[in-house]
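# Notes for the structure review
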Amino acid sequence: MKDRKEYITANLAEVEERIVAACAAAGRRREEVTLIVVTKTYPADDVRILSELGVRHVAENRDQDAAPKAAACSDLSLTWHFVGQLQTNKVRSVVGYAGVVQSIDRSRLVAALSKEAVRAGRELGCLLQVALDAGEGGRGERGGVAPEGVEELGDLVAEAPGLRLDGLMTVAPLAGEYAGRQQAAFERLMDLSTDLRRAHPAATMVSAGMSSDLEQAVAAGATHVRVGTAVLGVRPRLG
Ligand SMILES: *Cc1c(COP(=O)(O)O)cnc(C)c1O
């Protein structure tokens, strides 16, 4: 346990240095970028360590794992972000602990989230997940709405009771025109964010960048980076 805390402390310091350097290189202030630690596949004990080390935002991608973990950590002052593909039958559970859902990509999900947020008497932060590898009008391999669908879906979220449109999220595509071009992908996301903010000025969150490409995300203007491996280690299984 002590070793684990030392390991996470050292990794967190390294990631912090990377963010500081990336901000400096981009002429941005460190406060403009929020670190979200992705705790998927790791136990609640790790979340507790992160909280002790000052982390305030954590993310999960599977409700089955996230729900019990969030319950075990309900005494901590953390914001839980849901970043995985979300089925409507999991929405009630997710609304029970998530402060922000970053993976909104279809109108049915908006309707389900709105209904449950109202039922729970909560306001839920919402990011649209943009699939930069999606075909015209389609959805991405790993979920996400195509760029052409962002405006309409954004309007839908903004009008939905119980939901707050906070901004956009993406995962750098492995295929298509942006494969291997993370910074170009993140810049495209920024352009979409600029468009979205014309109609929804408060939707300022831009969630992009992971362990391997957080520098490119910060350079492009991301406000939130989602880092798992670089803080907690290589995951024991795919997740
Ligand atoms: C797992 C995951 C991350 C973190 O990825 P790392 O490469 O481990 O930093 C970020 N975003 C999403 C959506 C994820 O599923």
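Quick caveat, the model's predicted, so the values are computed rather than measured. (Residues numbered from 1 in each chain as written. Predicted model: local features only at pLDDT ≥ 70, side-chain atom pairs only at ≥ 80, totals over all residues. Heavy atoms only, no water.)

### Re the overall build of the chain
Along the chain, the regular secondary structure elements total nine helices and eight strands. The C-alpha radius of gyration of the chain comes to 17 Å, within 12% of the 18 Å expected for a compact globule of 239 residues. Along the three orthogonal principal directions, the C-alpha set of the chain runs to about 50 × 40 × 30 Å. The burial tally for the chain puts 50% of its 239 residues in the buried class. Intrachain contacts of the chain at a sequence separation of at least 6 include 59% that bridge at least 24 residues. Within the structure as shown, the chain displays about 10,800 Å² of accessible surface, and the carbon and sulfur contribution to it stands at 50%. (Helix = DSSP H or I, 4+ residues; strand = E, 2+ residues; numbered from the N terminus. Rg over C-alpha atoms; globule rule 2.2 N^0.38 Å. Buried < 20%, exposed > 50% of the residue type's maximum accessible area, 1.4 Å probe, protein only. Contact = heavy atoms within 4.5 Å. Areas by Shrake-Rupley, 256 points an atom, 1.4 Å probe, with all protein chains shown as cover.)

### Focus on helix α6 (residues 150–159)
Looking at α6, one finds that the buried residues are Val150, Leu153, Gly154 and Val157. Around the axis of α6, the buried residues are gathered within 105° of arc, so they sit on the same side. Facing away from the buried side of α6, by more than 90 degrees, are the exposed residues Glu151, Glu152 and Glu159. On its buried face, α6 is in contact with β4 (98–104), α5 (107–120), β5 (124–130), β6 (163–170) and α7 (182–199). (Arc of directions from axis to C-beta.)

### Topic: the UniProt feature "modified residue: N6-(pyridoxal phosphate)lysine" (unreviewed entry) in the chain
Within the UniProt annotation, "modified residue: N6-(pyridoxal phosphate)lysine" (unreviewed entry) is assigned to Lys40. The residue Lys40 is located in the loop between β1 (34–38) and α2 (44–52) in this model. (UniProt positions renumbered as here; feature names shortened; annotations may be inferred.)

### Brief notes about the pattern of salt bridges
For the structure shown, the criterion picks out 16 salt bridges. Among the salt bridges present, the one from Arg48 reaches Asp75, with a minimum N-O distance of 2.9 Å. Taken as a pair, Arg48 in helix α2 and Asp75 in the loop between α3 (63–72) and β3 (79–82) lie far apart in primary sequence, 27 residues in all. On the basis of relative accessibility, which here comes to 27%, the residue Arg48 falls in the partly exposed class. Close ionic contact of Glu116 with Arg119 constitutes a salt bridge, the shortest N to O distance being 3.0 Å. Of the two residues, Glu116 and Arg119 both sit in helix α5, three residues apart, roughly one turn of that helix. The exposed category is assigned to Arg119, whose relative accessible area is 56%. In the salt-bridge network here, residues are joined through shared partners; they are Arg28, Arg29, Glu31 and Glu32. (Salt bridge = Lys/Arg side-chain N within 4 Å of Asp/Glu carboxyl O.)

### As for the environment of Leu86
Take Leu86: it is sitting in the loop between β3 and α4 (91–95). Along the sequence, Leu86 and Glu60 sit 26 residues apart, while their C-alpha atoms lie 11 Å from each other.

### Remarks on the nonpolar core
Counting residues in hydrophobic clusters, the biggest one holds 67 residues, and the most contacted among them are Val101, Ile104, Leu113, Leu163, Val225 and Val231. For Val101, the residues in contact, after removing those within four places along its chain, are Phe82, Leu86, Val94, Leu113, Leu124, Gly125, Cys126 and Leu127. In terms of nonpolar packing, the next biggest core, distinct from the first, is built from eight residues, Val38, Val83, Met169 and Met205 among them. (Core = buried A, V, L, I, M, F, W, Y, C linked by side-chain atoms within 4.5 Å.)

### Considerations on the pairing of β4
Both faces of the sheet carry side chains from a regular strand, because those side chains alternate between them. Most of β4 is tucked away, with seven of its seven residues classed as buried. Handedness of the crossover joining β4 and β5 through α5 is recorded here as right-handed. (Right-handed = clockwise from strand over helix to strand, strands pointing away.)

### Here we look at the site of the ligand
Looking at the ligand, the residues that line it are Val38, Lys40, Val83, Val171, Met210, Ser211, Arg226, Val227, Gly228, Thr229 and Arg235. For the ligand, a nitrogen atom lies 2.9 Å from a polar atom in the side chain of Arg226. The contact in question runs from an oxygen atom of the ligand to an N or O atom on the backbone of Gly228, over 2.8 Å. If the ligand stood free it would expose 390 Å²; the protein chains cover 88% of that surface. Of the residues in the shell around the ligand, the class split is five nonpolar, three polar and three charged. (Near = heavy atom within 4 Å. Polar contact = N/O pair within 3.5 Å; in protein donor to acceptor, adjacent residues only side chain to side chain. Nonpolar A, V, L, I, M, F, W, Y, C, P; charged D, E, K, R; others polar.)

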